[in-house]
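Given next are the chains, with one letter for each unit.
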Amino acid sequence: DFIENTAGAKALSNVEVWVAKGDYAESITLQNLSTISLLGGFNGDESSAALRNPVLRPTRLLGKDDGSAVVSVIGTDGFVLDGFVITSDFAGPGLR
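Rules and cut-offs
Within each chain, residue numbers correspond to sequence positions counted from 1 in written order. With pLDDT at 70 or above as the cut-off, local features in this predicted model cover only qualifying residues; side-chain atom pairs require 80 or more to be listed or tallied, and sums for whole chains, interfaces and linings still use all residues. The side-chain figures draw on all heavy atoms in the structure; neither hydrogens nor water molecules are used. Between rings of Phe, Tyr and Trp, where Trp is taken as its six-membered ring, a pair exists when centres lie within 6.5 Å; planes separated by under 30 degrees are stacked, by over 60 edge-to-face, and by other angles tilted. Secondary structure elements are taken from DSSP: a helix is a run of H or I of four residues or more, a strand is a run of E of two residues or more, and numbering for both begins at the N terminus. Burial classification: accessible surface area is computed with a 1.4 Å probe over protein chains only, and a residue below 20% of its type maximum counts as buried, one above 50% as exposed, and the rest as partly exposed.

Novice: How should I be thinking about the packing of aromatic side chains in this particular structure?
Specialist: Two numbers describe a pair of aromatic rings. These are the distance of the centres and the angle of the planes. For the structure shown, the criterion picks out one aromatic pair. Taken together, a centroid distance of 4.6 Å and an interplanar angle of 10° make the contact between tryptophan 18 and phenylalanine 42 stacked. Of the two residues, tryptophan 18 sits in strand 1 (residues 15-20) while phenylalanine 42 sits in strand 4 (residues 36-42), which places them 24 residues apart along the sequence. Take phenylalanine 42: its relative accessible area is 3%, and that puts it in the buried class.

Novice: How do you make sense of the environment of glutamate 26 when you look at a structure like this?
Specialist: With respect to the helices, strands and loops of the structure, glutamate 26 is situated in the loop between strand 2 (22-24) and strand 3 (28-31). C-alpha separation for the pair glutamate 26 and glycine 63, spaced 37 residues apart in sequence, amounts to 4.5 Å.

Encoded structure:
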């Protein structure tokens, strides 16, 4: 649950979490956060979010095999999820 733990640890306000290309088999639940952005498509050497390229560097959220949603957002204002491919092949619904 790397992405969820990182987002929770940085859950202050107006925070961007940059996620590198790759496959992430996890379910993410974000609860009661304020203005958080999860951005995918990074290579790891960018200095700005504008330099990421989700098409060339896909970031896939695959979910877990426990039937839970891949991404659940509860009581969170100003949430942005951008630059990800979400699939629920191994989980329940993709978004909740």
